[in-house]
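# Reading the structure
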Amino acid sequence: MSPYNILDDDDSRIAAPADSMLGISVGSIIGHDYKNSLSSKNMIAPYSRQGPGFAGFRKPDLVAYGANILLDADNPHNVTTSTDEYSFLIGSNGQLVLDAGTSFTAPVVAGDLAEISRVVPENNILLAKALLYHGAIPLWTEEEIDDDEAEYIGNLYGRGLSVPSISKFSTPHRVTFVRTGELNRKTKEHVKFFMPSVLAAVPGRNSAKVTVTCVSSPPIDRTKGTQYLGAYIMASLHKVGKEGKMPSVNPSLKEGRKKWDTCYHFEKTFSRFDAGDWEVWLELFTRWDVEDTLNIPYAIAITIEDLSKSLDIYNEVLIETKGRYQPMSTVRIPVKL
C-alpha cells in the first residue's frame, strides 16, 4: 500500500487505550516543509492515527509537532525521517537519534499539562486539563466550515495545537476567567464573566471572540459498553440582553457541544453586543442509575478576546468589576529587547 493512502486504511484508526474519553490522546502534525515529504507544514503526520474514538467521539484531543517522513526519490517504498528539532531524540545509549511517531509527541503534551498544573491553584489537574484544551490553537477557520467538515477535522487535529503559554497566561487583549466546582442533578450553575465597556464600544464586524471550555469528571461503569459514562455537563453561552434577559448565543456548529462528551469546547465571534455580566449556564445530565445527590466535579475556562489586539481589556475588566475577579497569575506582556 502506498504511504499516501495511510489515512484511508482501517489500521490507521485510533484504538484502545487512545480512544478513552477520559484520557488525553495526542496526534502529530508536521513542523517543516521538505521536498518529497508525505505531509506539509501543519498537516497531519502520515503516521498519526485518526478518530473517531470510543462511541464515535472526537479523537485525538490535541496535536503537537513531530518529525516528517520523506520519500526516497529513486525508490518510493523507502522512507527516511526529517532532520529538524521535532525529530531529534535521546536514544538508549544517551546519544541523539532521529525518529518519528506519536510516541514522541504524547510526552510533549504531557509536559505541557504538567507545566500548566504548576500555575493553577492546588495543582488542580482537572482545571489544568481544561486550560490545556482551552489554549489549543485551531489549524482551521471555523467560520468557513460546516458540521461534517468540523467533525472530520476534529478527528484529525482534535481541538488543535497544544500551546501551554496561551493556556497559562492572559494578555492585555485576551482575558481568561476560570472556575472549578461540582454539580449534581438537583443543581444548576450560572458562571459569570465580564464583557468590558471598552470592547463593547468597538465598531465593526467580528470585533470580539468568546471561547468556552468545560471539562467534567463523571463516574464510569465499564460493564455498560458504549454507555459507560454516567454523566455529562452541558455548557451554554448567554449574553446580556434587553430587559434583563440572557439570550443563548451558542455557535451554529454542533462539534464541541455533543451529549455525553466529557468536554464542551467552542468559540464564537461577536460584532455588536452589550457590556456587563455574561454567563455560561451549566447543567448536569446523568444515567438513570446515578444518584441525584452525586456531585460531579468540573472545571471551566472562558476567554474574551479583542480581535484587533489594540485594547487593554485586561485592566478594563479589573477596573470595572472592582476586585470581583482575583488574578490567578500575572498578565503576560511581551517585551522586545
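Above this text sits the structure in question.
Overview of the structure. (Residues numbered from 1 in each chain as written. Predicted model: local features only at pLDDT ≥ 70, side-chain atom pairs only at ≥ 80, totals over all residues. Heavy atoms only, no water.)

### Observations regarding the sheet that holds strand E10 (residues 231-238)
If you trace the three strands from one edge of the open sheet to the other, you get E8-E12-E10, paired in antiparallel fashion. Two strands close off the open sheet at either side, each with one partner strand: strand E8 (188-195) and E10. Put simply, the sheet's adjacent strands are angled 25° from each other on average, direction ignored. Where E8 meets strand E12 (residues 276-286), eight bridges bridge the pair, whose relative direction is antiparallel. Across the sheet, residue Lys-192 finds its bridge partner in E12, namely Glu-279. (Pairing = 2+ DSSP bridges. Helix = DSSP H or I, 4+ residues; strand = E, 2+ residues; numbered from the N terminus. Axes fitted to C-alpha atoms, helices over the stretch in contact; angles between N-to-C directions.)

### Some remarks on the sheet that holds strand E11 (residues 263-270)
Spatial strand order, E7-E13-E9-E11: four strands in an open sheet with antiparallel pairing. Only two strands of the sheet have a single partner each, and these edge strands are strand E7 (174-183) and E11. Strand after strand, the sheet turns through a mean of 10° between neighbouring axes, direction not considered. Bridge analysis of E7 against strand E13 (residues 296-306) gives 10 bridges, and the strand direction is antiparallel. Residue pairing for E13: Phe-177 is matched across the bridge by Ile-302.

### A closer look at the environment of Ser-28
Secondary-structure assignment places Ser-28 in strand E1 (residues 26-30). Residues Ser-28 and Pro-46, spaced 18 residues apart in sequence, show a C-alpha to C-alpha distance of 8.6 Å. The contacts of Ser-28, once residues within four sequence positions are left out, are Met-43, Ile-44, Ala-45, Tyr-47, Ser-48, Val-63, Ala-64, Gly-101, Thr-102 and Thr-105. Side-chain polar atoms of Ser-28 contact the side chain of Thr-105, separated by 2.9 Å. (Contact = heavy atoms within 4.5 Å. Polar contact = N/O pair within 3.5 Å; in protein donor to acceptor, adjacent residues only side chain to side chain.)

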